[in-house]
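The primary structure of each chain is shown beneath.
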Amino acid sequence: MPTAATLFSAGTDSTLAAIVLEPFYDVVACSCTFGRSADPSVTETAREAGERVGFPVATVELDEAVAHEAVERMVADGYPREGIQLVHEHALETVADLERVGGASVAVVADGTRRDDRAPVVDRPFAQSLEDRHGIDYVRPLAGYGRSAIDDLAARSLDVKRGPSEALATGDYETELRSLMAEEHGESAVSEVFPEHTQSRVVGRAE
């Protein structure tokens, strides 16, 4: 089967996206990282989650300059939306530009963005440009699903741990962006920019 490289954060949405793709593609979960140190690192968290749900995980190195740009934009805006959007588009571009992922050529690049997401949101012009420039198909397996449907699918198919974003280890962009922001602007900036919200980390498939 052709290979689908899907952005993977170890959370509910990106895991469900991989599962939806599973009958049609050889799925490789892509842990995208700026290489910042943490314990555990985002790649370690993603790799453990991927193994527990049965997907190989490939580490994809992102340009740290993009992380700095995203952090400065978020601090200037006072909210994270545009910074997260910048990083997500960079991650898609980086994965789409890879000739091979997990030893196979990439036919499809995917993510776990949903119908109701405010950020990141991939619009049609960006998606078409990504496909045309890289010769791949861009797929959003969860684009038709709202929050309630996602929660129902997750409850029936996944074992999930939840907690506040500042306390739960994930493979999400936000983990490294928070760390960089705290380093450059202080913990108070992190509290001001990022609203309190709950993150998820998949720890296995439901039995």
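Above: the structure in question.
In this text, all values refer to a predicted model and were calculated from it rather than measured experimentally. (Residues numbered from 1 in each chain as written. Predicted model: local features only at pLDDT ≥ 70, side-chain atom pairs only at ≥ 80, totals over all residues. Heavy atoms only, no water.)

(A) Structural detail: the overall build of the protein. Across its full length, the protein holds 8 helices and 8 strands. The C-alpha radius of gyration of the protein comes to 16 Å, within 12% of the 17 Å expected for a compact globule of 207 residues. With respect to the three principal axes, the spread of C-alpha positions in the protein is 50 × 40 × 30 Å. The burial tally for the protein puts 50% of its 207 residues in the buried class. Sequence-distant contacts, at least 24 apart, represent 77% of the contacts inside the protein between residues at least 6 apart. Working note: accessible area of the protein is about 9800 Å², and carbon and sulfur atoms make up 46% of it. On the protein, the mean spot of the 19 positive side-chain charges and the mean spot of the 38 negative ones are 6 Å from each other. (Helix = DSSP H or I, 4+ residues; strand = E, 2+ residues; numbered from the N terminus. Rg over C-alpha atoms; globule rule 2.2 N^0.38 Å. Buried < 20%, exposed > 50% of the residue type's maximum accessible area, 1.4 Å probe, protein only. Contact = heavy atoms within 4.5 Å. Areas by Shrake-Rupley, 256 points an atom, 1.4 Å probe, with all protein chains shown as cover. Lys, Arg positive; Asp, Glu negative; His and termini not counted. Charge placed at Lys NZ, Arg CZ, Asp CG, Glu CD.)

(B) A look at the nonpolar core. Ranked by size, the top nonpolar core spans 39 residues in total, and within it C32, M74, L92, V95, L177 and M181 carry the most contacts. It is helix α4 (residues 81-96) that provides the largest number of residues to this core, a total of 7 residues. L92 has contacts with L7, V109, A110, D111, V122, F126, L130 and Y138, leaving out every residue within four places of it along the chain. Counting residues in each nonpolar core, the second largest holds 22 residues, with I19, L21, V27 and I150 among its members. (Core = buried A, V, L, I, M, F, W, Y, C linked by side-chain atoms within 4.5 Å.)

(C) Representation of helix α5 (residues 124-134). Considered for burial, the residues of α5 that qualify are F126, A127 and L130. Buried residues of α5 fall within an arc of 100 degrees about the axis and therefore sit on the same side. Opposite the packed face of α5, turned more than 90 degrees from it, sit the exposed residues R124, P125 and D132. Structurally, α5 contributes buried residues whose contacts are with α4 and β6 (137-139). Its side-chain oxygen placed 2.9 Å from the backbone nitrogen of F126, D123 serves as the N-cap of α5. Phi turns positive one or two residues past the end of α5, at G135, with a value near 65 degrees. (Arc of directions from axis to C-beta. Polar contact = N/O pair within 3.5 Å; in protein donor to acceptor, adjacent residues only side chain to side chain.)

(D) Structural view of the layout of surface pockets. Taken as a whole, the largest pocket spans an internal volume of roughly 1000 Å³. Around the largest pocket sit 36 residues that line it, and D13, A119, P120, D172 and Q199 are the ones nearest its centre. Secondary-structure elements contributing two or more residues to the lining of the largest pocket are α1 (12-21), β2 (26-33), α4, α7 (173-185) and β8 (198-205). Per-class residue counts for the lining of the largest pocket are 11 nonpolar, 13 polar and 12 charged. One number sums up the size of the second largest pocket: a volume of about 250 Å³. Class assignment for the residues of the lining of the second largest pocket results in 5 nonpolar, 5 polar and 5 charged. (1 Å grid on protein atoms, 1.4 Å probe; cavity = no way out; pocket = protein on both sides within 12 Å on 5 of 7 lines; lining within 4 Å. Points joined across faces, edges and corners; volume = space filled by probe spheres on them. Nonpolar A, V, L, I, M, F, W, Y, C, P; charged D, E, K, R; others polar.)

(E) Up close: the packing of α1 against helix α6 (residues 147-157). At a minimum axis distance of 11 Å, the contact between α1 and α6 shows a crossing angle of 75 degrees. By the criterion of interaxial angle, the relationship of α1 to α6 is roughly perpendicular. Taking contact as the criterion, the partners of T12, D13 and L16 in α1 are, on α6, R147, I150, L153, A154 and S157. Of the residues contributing to the contact of α1 with α6, the split by class is 4 nonpolar, 2 polar and 2 charged. (Axes fitted to C-alpha atoms, helices over the stretch in contact; angles between N-to-C directions. Parallel < 35°, antiparallel > 145°, perpendicular 65-115°, else oblique.)

(F) Local environment of the packing of aromatic side chains. This structure, assessed with the given rule, holds 0 aromatic pairs. If you follow R178 out to its NZ or CZ, it ends over the ring of F194, 4.7 Å from the centre. (Phe/Tyr/Trp six-rings, centres within 6.5 Å; stacked < 30°, edge-to-face > 60°. Lys NZ or Arg CZ within 6 Å of the ring centre and 35° of its normal.)

(G) The environment of H185, seen in detail. Looking at the element boundaries, H185 is found in helix α7. Once the C-alpha coordinates of H185 and G171 are considered, the two residues, 14 residues apart in sequence, prove to be 22 Å apart. Setting aside residues up to four positions removed in sequence, H185 forms contacts with V71, E72 and V75. A polar side-chain atom of H185 sits 2.8 Å from a polar atom in the side chain of E72.

(H) The arrangement of the packing of α4 against α5 in detail. Here α4 crosses α5 at 20 degrees, and the two axes come no closer than 10 Å. Overall, the two elements α4 and α5 adopt an arrangement that is roughly parallel. Considering the relative orientation of α4 and α5, their crossing is right-handed. Only F126, L130, R133 and H134 of α5 make contact with α4, whose side of the interface consists of E89, L92, E93 and A96. Residues that form the contact of α4 with α5 fall into these classes: 4 nonpolar, 1 polar and 3 charged. (Left-handed = near helix turned anticlockwise from the far one by under 90°.)

The values reported here are purely geometric and, on their own, carry no functional implication.
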